[in-house]
Amino acid sequence: MSEVLRSREEIPQKDRWSLEDIFATDEAWEKRYKETEKLIGLSEKYRGKIGQSADLFVECLEWADHLGLNMEDLFTYARMRRDEDNRISRYQSMTDRASMLSVQAGSALSFIVPEILAIPDDQFQELRKNSKTDIYRHYLENILRQKAHVLSFAEEKLLAEASELATAPSTIFSMANDADLKFGSIQGEDGREIELTKGNFIKYMESKERRVRQEAFATLYAGYGKQINSWAAMLNASVKADVFFARTRKYKSAMEGALDDDKVPVSVYDSLIQTVHDYLPQFQRYIRLRKEVLGVEELHMYDIYVPLVPEMNAHIPYEEAKDTVRKGLKPLGEEYLKILDEGYQSGWIDIYENAGKTSGAYSWGTYSSHPFVLLNHQNTFDSLFTLAHEMGHALHSYFSNKNQIHLYAGYKIFVAEVASTLNESLVMRHLIHTAKDPQMKAYLLNHYLEQFRGTVFRQTLFAEFEREIHAAVERNESLTSEYLSKIYRELSLTYFGPGVVLDEQINMEWARIPHFYNAFYVYKYATGFSAATAFVHQILEEGQPAVERYLEFLSSGGSDYPIELLRKAGVDMEKPEPVQQALTVFTELLDELENLLRK
Ligand SMILES: [Zn+2]
C-alpha cells in the first residue's frame, strides 16, 4: 500500500520472463496468425474421410496437431503479454483475437472424434494394425473406451442442447453468491465497522481476537441462512442434472460417469474416504491440541482457522527464496537441479509485481518453448512456497514436453498438482529440519498440518458429502435444505469428533461451496496431495531408484491414464497405501508439534 508500484520498464530485464522465446516480435505473431487462419481452412480436406485410409488418418491428425501447436503459441503469447500489464490495449486485442481464432479452430477440429467413433469395427481394426498409427494407440483407445457411452446422432444433438440448460444451477449460484449476497458488517479488531465479504471472511476467522472470529462466523452464516431454501433448490437442480446425464450416458452412477473422464475407478474414491476415516482419531488429536493451545473452555467452529503459532515476521528476498527452494529440492537429484537452475537463469520467471500486472502466480507455456512462471514475489514464506510450487509445475511441463510428442505432452488435473505439492513438501521438510528457533519450527509444522487439514481432511469430507447427495438423488430422494444440513452435520460430527462444539451454523456450510457445482472434482486435491506425500516418502527412504521413477513420471505427460502413470512410478492409488503414507506423515508432524508446544 505504502510504496508506489514500479512500472514494467523499471523492472530490470533479468527479473522478467522472456516471451521473445515464443515470438521474437509481435509481427512474427501476426504472421503466424495468418498462417493459422489458412490452416483452419484445410478442414474440408479431411472432413468425412478420416477412416478411409491410414494415410489420410495420420495426415489429418498431423494437421490437427499443427493447428493445436499454433493456437497454443498464439494464445499463450498474447495472454502472457497482457498479463505483464493488463492496461495495454494492443495485447488485450491480441488476446481477444487469439480466443476467437481458437473457437474457430475448435469447431474446425470438432468432426474428428465423432468420425473416429463412427468408423465400423472391421475398418477400425485395419487402421489400428497399420504401423503408421502406432503412436496414436493410446489416443484411439481413449476415444474408443467411451463408445459405450456415446448415443445416436439425434440423441447427442439433444444432449448438447440440454447441457446448455443444465449450466443454469451453477450460473444462478454464482450470481446469487458472487453478485447479490451481502452479509452486512462486523466490528474489526480495532472496533471499526467493516463490511464482511467472502473475500475477507477467512482473514477474520484467523483473527487472534475471538469476538471477531465469532462475529464473522455468525454474520456470514446469517447471510446464507436467509436464503437457505434457495441454495438447496440450486444444489438439488445441479445434482439432478449430474444424475440425468450419467443415466442417459448409461453410467451406473453419476460418480462413475464423472470419474470415467480420467478413467479413475470408483474404488479409488471410496478407498480415499475409507482410509481418511481410519485416521480421523489423529485429526481429532490435532483438534484437541488446538483447544489446548488456544486455552479455550470450548472449541467452536470459529476457532478452527486461527494459527496456533503466531505468524513469523520472516523477510525472504527472492534470491534467498530461490536458494532455499534449491536446497529443499536436493533429494530430487542432479538432473532435476540442473533444469531448475536453467529455469532460474533463462528467462522463465517473471518475478516482481509491477503496475498493471496480473496478480497471483501460475506456470504456463507452450510445447515449442520452455515453461514460464508468473510470480508476484513479496519476501514472505508464502512467496517462497509459491516459487517451489510453480517450479514444480514448470519442471513437470519441461520433462513432459521434452519426452513426449505434442499429443501426449499435456497432463491431466488428476496428476498436475502432484509435482507442485511434492516440491512444497520437500521445501517444507528442509525448512523444518534446519529451523534452529523452536518458535519458527512450530510455525512451519503448524503451516504444514494446516495443509493436510485443508487439502486432505476437508476435501475428503466434501467428497463424501457429494457421494451421499448424489446417491440420494439416485434413490429418487429430494435434496431439501433440512436433508442437506442433516447430512452435512453428521459428516462434520464424524470428522471433528467430540472435541469441538459443532455450532448450528456449520450445518449450512454446504450452501457456500462453489465446487459442489462441479461434482466429484475436489477429491483430486486429496488424492494429488497424498500421491505427492507418498512420493516424498519413497524418495527420502529409497533415494535414487525412487527419484528415477519420479522423473519417469514427470516425463510421461498424458501418455497414459493418470492412475497408470502413478502406478508405474510406484504410487498405486487403487491401494490404501499412498493415503496411509500421507496420513502417517501427518501423525508424525503432529507428534513433533505436540512436543514443541507442550514443553
Ligand atoms: Zn498448482
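Located above this text is the structure these notes cover.
Residues numbered from 1 in each chain as written. Predicted model: local features only at pLDDT ≥ 70, side-chain atom pairs only at ≥ 80, totals over all residues. Heavy atoms only, no water.

**Q** Explain the overall build of the protein here, please?
**A** Of regular secondary structure, the protein possesses 25 helices and five strands. The long-range fraction of contacts in the protein, counting pairs at least 24 apart against all pairs at least 6 apart in sequence, stands at 76%. If you sum the accessible surface of the protein, you get close to 27,200 Å²; carbon and sulfur atoms cover 52% of it. When the 68 basic and 91 acidic side-chain charges of the protein are each reduced to a single mean position, those positions are 0 Å apart. (Helix = DSSP H or I, 4+ residues; strand = E, 2+ residues; numbered from the N terminus. Contact = heavy atoms within 4.5 Å. Areas by Shrake-Rupley, 256 points an atom, 1.4 Å probe, with all protein chains shown as cover. Lys, Arg positive; Asp, Glu negative; His and termini not counted. Charge placed at Lys NZ, Arg CZ, Asp CG, Glu CD.)

**Q** So what exactly am I meant to see when it comes to the coordination of the zinc ion here?
**A** Around the zinc ion, the donor atoms from the protein are His389 (NE2), His393 (NE2), Glu417 (OE) and Glu417 (OE), and they sit 2.1 to 2.6 Å away. Angles of 51 to 139° at the metal separate the four donor atoms of the zinc ion, which places the site in the irregular class. Each donor residue of the zinc ion lies on one chain, and together they are spaced H-x3-H-x23-E. Taken together, the residues span a long stretch of sequence, with histidine 389 in helix 17 (residues 381–403) and glutamate 417 in helix 19 (residues 413–434) at a distance of 28 residues. Under the relative-accessibility criterion, glutamate 417 is labelled partly exposed at 31%. (Donors = N, O, S within 2.8 Å, 3.2 Å for Na, K, Ca; no water. Tetrahedral: all angles 85-135°; square planar, octahedral: opposite > 155°, others 65-115°. Buried < 20%, exposed > 50% of the residue type's maximum accessible area, 1.4 Å probe, protein only.)

**Q** Just checking my understanding: could you explain a nonpolar patch on the surface for this structure?
**A** Among the surface-exposed residues, Ile135, Ile405 and Leu407 lie close enough to one another that they form a single nonpolar patch of about 230 Å² accessible area. Relative to the helices and strands, isoleucine 135 is located in the loop between helix 5 (121–129) and helix 6 (137–144). Residue isoleucine 135 is classed as partly exposed on the basis of its relative accessible area of 47%. (Patch = residues over 30% accessible without salt bridge, like charges linked within 9 Å, V, L, I, M, F, W, Y side chains within 5 Å. Salt bridge = Lys/Arg side-chain N within 4 Å of Asp/Glu carboxyl O.)

**Q** Help me out: how do you make sense of the sheet that holds strand 5 (residues 371–374) in this one?
**A** Note on sheets: strands pair through backbone hydrogen bonds, and any given pair is parallel or antiparallel. If you trace the three strands from one edge of the open sheet to the other, you get 3-5-4, paired in mixed fashion. In this open sheet, the two strands that pair with only one neighbour each are strand 3 (349–350) and strand 4 (362–365). In the sheet, strand 3 pairs with strand 5 via two bridges, with the strands oriented parallel. The residue bridging aspartate 350 from the neighbouring strand is leucine 374, located in strand 5. Across the sheet, helix 2 (residues 54–84) lies against strand 4 and strand 5, angled at about 140° from strand 4, the strand it touches most. (Pairing = 2+ DSSP bridges. Axes fitted to C-alpha atoms, helices over the stretch in contact; angles between N-to-C directions.)

**Q** Would you take a moment to explain the nonpolar core for this structure?
**A** Nonpolar side chains tend toward joint burial in soluble globular proteins. With 152 residues, the main nonpolar core has Trp231, Ile349, Met391, Phe452, Phe465, Trp510 and Phe553 as its most contacted residues. Element by element, the count of residues in this core is highest for helix 20 (residues 438–474), at 17 residues. Two domains share this core, each providing at least three of its residues, namely domain 2 (185–226) and domain 3 (318–440 + 524–598). Excluding residues that lie within four positions of it along the chain, tryptophan 231 makes contacts with Phe173, Ala176, Asn177, Leu181, Tyr224, Trp510, Ala511 and Tyr517. Within the second largest apolar cluster, 44 residues are counted, among which are Ala54, Phe57, Met71 and Ala98. (Core = buried A, V, L, I, M, F, W, Y, C linked by side-chain atoms within 4.5 Å. Domains from an automatic or database assignment.)

**Q** What am I meant to see in the side chain of aspartate 503 here?
**A** By the secondary structure assignment, aspartate 503 is in the loop between helix 21 (481–496) and helix 22 (523–542). Arginine 210 provides the closest opposite charge to the buried, unpaired aspartate 503, separated from it by 7.9 Å. Within the structure, the side chain of aspartate 503 is placed 2.6 Å from the side chain of histidine 300, a separation counted as a polar contact. Sequence-distant contacts of aspartate 503, that is, excluding residues within four places in its chain, are made with Phe217, His300, Met301, Tyr302 and Arg489. (Polar contact = N/O pair within 3.5 Å; in protein donor to acceptor, adjacent residues only side chain to side chain.)

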